[in-house]
Amino acid sequence: MINATIEALVNAAIDEGLITEQDRIYSRNRVLARLEKLDFERPAFVPVSSIPDLLDTLAAYAVETGLIEDLLEEKDRFMAEVMDIFVSKPSEVTRTFEALRANDVTAATDFFYKMSQSSNYIQTKRIANNISYKTPTRYGTLDITINLSKPEKDPREIARARLHPAPSTNYPKGLLAIENEGYGGHLKHPARANHRIIPLTLGGEAWSFQYSPYLYYNEHSILLSNEVRDMVIDRSAFERLLDFTNQFPHYFAGSNADLPIVGGSILTHDHYQAGRYRFAMDDAKVIETYRSDRYDQVDIETLYWPLSVVRLRSPKREQLVMLANQLLGHWQTYEDGDIIPYSGDVRHNTVTPIARRRDGRFELDLVLRNNRTDEEHPDGIFHPHADVHHIKRENIGLIEVMGLAVLPARLKTELEQVVRYVDGEDVEVADMHKVWAESLKKQSGDARHIVEQAVGDKFVKCLEDAGVFKQTVEGQERFKAFMSSFLSHVDKVEYGASTTGSNR
């Protein structure tokens, strides 16, 4: 039985283009060695199955024979080591990538993306467990995802970690460090034996390109600085983001903000996210257009979006960088009502930048953010408020900013109970959902559709809470005042005379 699984895995690796027929015997023998199996008889029947399913079978055999413990992290490490047998060395992967890129950059990313899936680095089987759907809103069609791809910690793994603490090591220097390529892993650090990265130069610096093992959207990739340093949004960041879209025009690139609450989960390593996906924010309607006398080749727009977005568009990349840097500087010190830029020396204002190419021009969206807290909103004034915490309490990061909700795994069970309750069944719903569920029960129609749309509405409210200038008459007047202040400052600095940006 196990011989058939081994041969099926070798066949699948050949079919996926990871190895060639010439590599069959070598690859089979390396898998046998990992299983501490000395003999092999070629089976009469070899099943056809997916690589993730075959790896699960091999891992089960390894547990049964005592090679590894029946723990998720042990099985993940084992599967990564098995797949490393079939994945080319980093230099060979890069050489193929660059050869393809010389003629067709899309072919290069297609190759690397397929390889990252076939090697099981991208966890396709687990990602398939995610619950995803689209929901119409006044801002466009948003994406809703309940994230089930990252498995919960096994209680036995937690107990083991207490009894046998992970080694005290500063290697790799973090989850995004380039030293993760091929790393074996330990109790507190995932195995990366089958992981490969592509070296890049962005803004004259050494960076690297990889795919996310847990995709949230098509070709979800990560750009990371080879130097481990804190995230910073500044002129250089804008240059690097636009440089990437210049090199890979079929991908967008964006960065989380560089401050807590409004930033991502990793602020200690400078990195961006990229990919090949059209988010709802890409198609947001323009509500105001401005012009700067100095930057006359840049279109300046504000968008109908729950967060406050300034979109800059131009064929001239350098003009975008210069204007974006001035907007960032102006926003960092801008004060208006609840928008207070500093508490002592602690900065609150920053931006979430997103770069893309469209219709032959460069585009840079700057989403205005503020991370201040107060007694009424201890998690953040411009952060999801208490009335939506039963759906989402986590930060509104780059992915959510663009219109894709990443919701916690607990909602799979909790929302199923709400659906049944709305459908008239006598079931208990979680306390945090009771008032909401009762209001939904008064609506007529398909219960699942009602709940899914209501979740979308809650996500919209999360995004609106994060907006510094609300989509109200007062909020938009305040946004216009900011834009006039900014453009007046830009033209005054450049020309020595104040010129207020006017609507076209």
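Above this text sits the structure in question.
What counts, and where the lines are drawn
- Residues numbered from 1 in each chain as written.
- Predicted model: local features only at pLDDT ≥ 70, side-chain atom pairs only at ≥ 80, totals over all residues.
- Heavy atoms only, no water.
- Helix = DSSP H or I, 4+ residues; strand = E, 2+ residues; numbered from the N terminus.
- Rg over C-alpha atoms; globule rule 2.2 N^0.38 Å.
- Buried < 20%, exposed > 50% of the residue type's maximum accessible area, 1.4 Å probe, protein only.
- Contact = heavy atoms within 4.5 Å.
- Lys, Arg positive; Asp, Glu negative; His and termini not counted.
- Charge placed at Lys NZ, Arg CZ, Asp CG, Glu CD.
- Phe/Tyr/Trp six-rings, centres within 6.5 Å; stacked < 30°, edge-to-face > 60°.
- Core = buried A, V, L, I, M, F, W, Y, C linked by side-chain atoms within 4.5 Å.
- Axes fitted to C-alpha atoms, helices over the stretch in contact; angles between N-to-C directions.
- Parallel < 35°, antiparallel > 145°, perpendicular 65-115°, else oblique.
- Nonpolar A, V, L, I, M, F, W, Y, C, P; charged D, E, K, R; others polar.
- Pairing = 2+ DSSP bridges.
- Expected span 1.5 Å × (residues − 1).
- Polar contact = N/O pair within 3.5 Å; in protein donor to acceptor, adjacent residues only side chain to side chain.

Peer 1: Looking at this structure, I do not really get the overall build of the protein chain. What am I missing?
Peer 2: A count of helical and extended segments in the protein chain gives 15 helices and 15 strands. For a compact globule of 504 residues, the expected C-alpha radius of gyration is about 23 Å, and the protein chain comes in at 25 Å, within 12% of that figure. Referenced to the eigenvectors of the C-alpha coordinate spread, the extents of the protein chain come out at roughly 85 × 60 × 45 Å. Looking at the protein chain as a whole, 54% of its 504 residues are labelled buried. Partitioning the contacts of the protein chain with sequence separation of at least 6, the portion at a separation of at least 24 is 64%. Between the centroid of the 60 positive side chains of the protein chain and the centroid of its 76 negative side chains there is a distance of 2 Å.

Peer 1: Explain the environment of Leu-303 here, please?
Peer 2: Secondary-structure assignment places Leu-303 in strand β9 (residues 299-303). The exposure class assigned to Leu-303 is buried, which follows from its relative accessible area of 1%. Sequence-distant contacts of Leu-303, that is, excluding residues within four places in its chain, are made with Met-281, Ala-284, Lys-285, Val-286, Ile-287, Val-309, Arg-311 and Gln-471.

Peer 1: Quick question: what am I supposed to make of the packing of aromatic side chains here?
Peer 2: Throughout the structure, instances matching the rule amount to 28 aromatic pairs. Relative to Tyr-211, the ring of Tyr-113 lies with its centre 5.0 Å away and its plane at 55 degrees, an arrangement referred to as tilted. You can see Tyr-113 sitting in helix α6 (residues 105-118) and its partner Tyr-211 sitting in strand β4 (residues 205-211), a full 98 residues away along the chain. Assessed through its relative accessible area of 11%, Tyr-113 is described here as buried. Residue classification places Tyr-211 among the buried positions, given a relative accessible area of 1%. Both rings, one in Tyr-139 and one in Trp-305, keep their centres 6.3 Å apart while their planes meet at 70 degrees; by these two values the pair is edge-to-face. Residue Tyr-139 is found in the loop between β1 (131-137) and β2 (140-146), and its partner Trp-305 is found in the loop between β9 and β10 (309-314); the two are separated by 166 residues along the sequence.

Peer 1: What is the right way to look at the nonpolar core in this model?
Peer 2: Nonpolar side chains in soluble globular proteins generally cluster together in the buried interior. Counting residues in hydrophobic clusters, the biggest one holds 87 residues, and the most contacted among them are Phe-86 and Leu-223. Top element by residues in this core is helix α1 (residues 2-15). It accounts for 8 residues. Those residues in contact with Phe-86, other than ones at most four positions away along the chain, are Leu-9, Val-10, Ala-13, Leu-18, Ile-19, Ser-27 and Val-31. If you look at the next biggest cluster of nonpolar residues, it comprises 52 residues, including Ile-144, Phe-279, Leu-307 and Val-429.

Peer 1: Looking at this structure, I do not really get the packing of helix α5 (residues 90-103) against α6. What am I missing?
Peer 2: When two helices pack together, their arrangement is given by the angle between the helix axes and the distance between those axes. In contact at an axis separation of 6 Å, α5 and α6 are set at 150 degrees when each is read in the N-to-C sense. As summarised for this structure, α5 and α6 are arranged roughly antiparallel, according to the angle between their axes. Of the residues in α6, those in contact with Val-93, Thr-96, Phe-97, Leu-100, Arg-101 and Asn-103 of α5 are Val-105, Ala-107, Ala-108, Thr-109, Phe-111, Phe-112 and Met-115. Classifying every residue of the contact of α5 with α6 gives 9 nonpolar, 3 polar and 1 charged.

Peer 1: I'm lost on the environment of Glu-179 in this one. Help?
Peer 2: Looking at where Glu-179 falls in the secondary structure, it is placed in the loop between α8 (155-163) and β3 (198-202). It is 9.2 Å that separates the C-alpha atoms of Glu-179 and Asn-226, two residues lying 47 residues apart in sequence. Sequence-distant contacts of Glu-179, defined by excluding residues within four places in its chain, comprise Tyr-171, Pro-172 and Lys-173.

Peer 1: How do you make sense of the sheet that holds β3 when you look at a structure like this?
Peer 2: Adjacent strands of a sheet pair through backbone hydrogen bonds, lying either parallel or antiparallel. Pairing is antiparallel in the open sheet, where 10 strands are placed in the order β3-β4-β5-β7-β6-β13-β14-β10-β9-β8. A single partner strand is all that each edge strand has here, and the edge strands are β3 and β8 (286-290). Ignoring which end each strand starts from, the neighbouring axes of this sheet average 25 degrees apart. Of the pairings in the sheet, the one linking β8 to β9 comprises 4 bridges and is antiparallel in character. By the bridge assignment, Thr-289 is partnered in β9 with Glu-301. Those strands touched by α5 are β3 and β4, and its axis lies near 55 degrees from that of β3.

Peer 1: Teacher, can you tell me more about the pairing of strand β13 (residues 349-358) here?
Peer 2: Each regular strand displays side chains that alternate between the two surfaces of the sheet. A large share of β13 lies buried, amounting to 9 of its 10 residues. Across 2 bridges, the pairing between strand β6 (residues 252-254) and β13 is antiparallel. Among the inter-strand pairings, Gly-254 is bridged to a residue of β13, identified as Ile-354. As defined by bridge partners, β13 adjoins strand β14 (residues 361-370) across 10 bridges and the pair is classed as antiparallel. Residue pairing across strands places Arg-358 opposite Arg-361, the latter belonging to β14. Between β13 and β14, which follow one another and run antiparallel, lie 2 residues, and Asp-359 among them has a positive phi close to 50 degrees.

Peer 1: How should α6 be read in this particular structure?
Peer 2: Two residues of an α-helix separated by three or four positions point the same way, owing to the 3.6 residues in each turn. Between the first and last C-alpha of α6 there are 20 Å, a value that for 14 residues agrees with the 20 Å anticipated at 1.5 Å per step. Taken residue by residue, α6 has Val-105, Ala-108, Thr-109, Phe-112, Tyr-113, Met-115, Ser-116 and Ser-118 as its buried positions. One side-chain oxygen of the residue at the start of α6 lies 3.0 Å from the amide nitrogen of Thr-106, identifying that residue as Asp-104. Remark: Asn-120 follows α6 within two positions and exhibits a positive phi of approximately 70 degrees.

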